[in-house]
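# Coordinate inspection notes
Chain by chain, the residues:
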Amino acid sequence: MGRLSAKFDYEEIRNARILENRARLASLGLHKTLSDLRSVTSPAKSVKSSVRKPSRIDYSGTPVRRSSRLMKVSTTDSPSGHDSLRRSNRLRGASRSLDLMPQGKEDVSEKNGGEEKRPANMPLVEVTASQAQLSPEIMIRRCDSKSRGSVYSPVFGICCHFCRQKKLCGEEGCKRCGNLDINKPCIGKTDCSICHSSNGVLCRACLKVRYGEELEEVRANKNWMCPHCIEEKGIKPNWICNSSLCLKKRSMVPTGIAIFRAREMGYESVAHLLMDELQQKMRRSHC
């Protein structure tokens, strides 16, 4: 009974205090202010925003874009003419004669009845009138370096398979790079007598550093073969192309600048070093 009486006393005291506080707020005029604050602070009902549906565009009347290569459109029809810098007609899907070829110069493939393959150091290119002229300062600077050349030319330059430098050669007697005659071979680049492909195009510096051969000896040898053809015919075991592209295809790490290490070890070139390393690896695997 004592606990129940204490509880009732607490409730009576609490209700009395509530009534007293309400009367005090009403006397001070704060009752209306509190109701306004409660209405402001109470969370408003969320109004659902209307979701705007994306408008569907009708593309039925728009012409479908197609690659000019897939449509086999000639570069003369294209207004940009960017395809004129590409050397190979095979990539364009059609064999075409040069419309802007200088007069008095015949195509080598036509001259030979289209049977003989054009050498890799004499690629067929399309040249405009503006591209067929280089400034005298550039032509003088061309012979500053005989190793890899010193003048870059996207039209007349021939890309080396190893260093991939598309430059005019620095040879003084080169009619292609000196006179810009596209029907003459570049004597500063090699050409394989078997495949006549870009794999056999090497500049003077890469030929010497990577394979230990002199360009004059290669020019004199009409039966010179590139490392790819030598490996295919099995003439030199483990004599491989040591360009970064070909080594990656073999899952081998590119050598980088390995000529200094090769010469310190007594090898003539990087190819000789790799050949010896591959032979030692084969001997160890057979043991």
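Reading the values: rules and limits
- Residues numbered from 1 in each chain as written.
- Predicted model: local features only at pLDDT ≥ 70, side-chain atom pairs only at ≥ 80, totals over all residues.
- Heavy atoms only, no water.
- Helix = DSSP H or I, 4+ residues; strand = E, 2+ residues; numbered from the N terminus.
- Buried < 20%, exposed > 50% of the residue type's maximum accessible area, 1.4 Å probe, protein only.
- Contact = heavy atoms within 4.5 Å.
- Areas by Shrake-Rupley, 256 points an atom, 1.4 Å probe, with all protein chains shown as cover.
- Axes fitted to C-alpha atoms, helices over the stretch in contact; angles between N-to-C directions.
- Parallel < 35°, antiparallel > 145°, perpendicular 65-115°, else oblique.
- Nonpolar A, V, L, I, M, F, W, Y, C, P; charged D, E, K, R; others polar.
- Pairing = 2+ DSSP bridges.
- Expected span 1.5 Å × (residues − 1).
- Polar contact = N/O pair within 3.5 Å; in protein donor to acceptor, adjacent residues only side chain to side chain.
- Phe/Tyr/Trp six-rings, centres within 6.5 Å; stacked < 30°, edge-to-face > 60°.
- Lys NZ or Arg CZ within 6 Å of the ring centre and 35° of its normal.
- Salt bridge = Lys/Arg side-chain N within 4 Å of Asp/Glu carboxyl O.
- Lys, Arg positive; Asp, Glu negative; His and termini not counted.

Regarding its fold elements, the protein chain presents twelve helices and three strands. Counting across all 287 residues of the protein chain, residues that qualify as buried make up 31%. Counted over contacts in the protein chain with a minimum sequence separation of 6, partners at least 24 positions apart contribute 58%. When the accessible area of the protein chain is evaluated, it comes to approximately 20300 Å², of which 54% is carbon and sulfur surface.

On to the packing of helix H7 (residues 204-211) against helix H12 (residues 270-286). Where H7 meets H12, the closest approach of the two axes is 4 Å, and the angle between their N-to-C directions is 30°. Put simply, H7 runs roughly parallel to H12. Each of Val209, Arg210 and Tyr211 in H7 lies in contact with H12, whose residues at this interface are Val270, Ala271 and His272. A class-by-class count of the residues in the contact of H7 with H12 yields four nonpolar, one polar and one charged.

For H7, the tally of buried residues reaches six of eight residues, placing the bulk of the element in the interior. Among the residues of H7, Arg204, Ala205, Cys206, Leu207, Arg210 and Tyr211 are the ones counted as buried. Residues of H7 that are buried make contact with helix H8 (215-220), helix H9 (227-233) and H12. Positioned one or two residues after H7, glycine 212 has a phi angle of 70°, which is positive.

One open sheet accounts for three strands, arranged S1-S3-S2; its pairing is antiparallel. Because the sheet does not close on itself, it has two edges, and the strands there are strand S1 (151-152) and strand S2 (158-159). Sheet topology note: the S2/strand S3 (residues 166-168) ladder contains two bridges and is antiparallel. The partner of cysteine 159 across the bridge, within S3, is lysine 166.

What follows is about H12. Along an α-helix, residues three or four apart share an orientation, since each turn contains 3.6 residues. If you check H12, its first and last C-alpha atoms are 25 Å apart, about what 17 residues at 1.5 Å a residue would give, namely 24 Å. All of the buried residues in H12 are Val270, Ala271, His272, Leu273, Leu274, Met275, Asp276 and Leu278. Structurally, H12 contributes buried residues whose contacts are with H7 and helix H11 (259-264). Backbone nitrogen of alanine 271 and a side-chain oxygen of the N-cap are separated by 3.4 Å at the start of H12; the cap is serine 269.

Okay, the packing of aromatic side chains next. A full pass over the atoms with the stated rule returns one aromatic pair. Aromatic pair tyrosine 211 and tryptophan 239: ring centres 6.1 Å apart, planes at 50°, arrangement tilted. Taken together, the residues span a long stretch of sequence, with tyrosine 211 in helix H7 and tryptophan 239 in the loop between H9 and helix H10 (244-249) at a distance of 28 residues. For tyrosine 211, a relative accessible area of 2% translates into the label buried. For tryptophan 239, a relative accessible area of 2% translates into the label buried. Across from the ring centre of tryptophan 239, 4.2 Å away, lies the NZ or CZ of lysine 236, which sits over that ring.

This part covers the pattern of salt bridges. One pass over the structure, following the stated rule, counts six salt bridges. Among the salt bridges present, the one from glutamate 20 reaches arginine 24, with a minimum N-O distance of 3.3 Å. In this pair, glutamate 20 and arginine 24 are both assigned in helix H1 (residues 2-28), four residues apart and thus about one turn of the helix distant. The salt bridge partner of glutamate 171 is arginine 204, with a shortest N-O separation of 2.9 Å. Here glutamate 171, found in the loop between S3 and helix H6 (175-179), pairs with arginine 204, found in helix H7; they are 33 residues apart in sequence, far enough to count as distant. Using a relative accessible area of 15% as the deciding quantity, one classes arginine 204 as buried. Salt bridges linked by common partners bring Glu171, Arg204 and Glu216 together as one network.

Moving on to the side chain of arginine 210. Counting through the fold element by element, arginine 210 comes out in helix H7. Buried arginine 210, no salt bridge; nearest opposite-charge side chain is glutamate 277, N-O distance 10 Å. Of the polar contacts made by the side chain of arginine 210, one reaches the backbone oxygen of glycine 256; its length is 3.1 Å.

Moving on, we get to unusual backbone geometry. Phi is positive for leucine 180, close to 55°, though the residue is something other than glycine. Tracing the backbone shows leucine 180 in the loop between H6 and H7. By relative accessible area, which is 12% here, leucine 180 ends up buried. Despite not being glycine, serine 251 has its phi angle at roughly 60°, a positive value. Mapping serine 251 onto the fold places it in the loop between H10 and H11. Given the relative accessible area of 71%, serine 251 is considered exposed.

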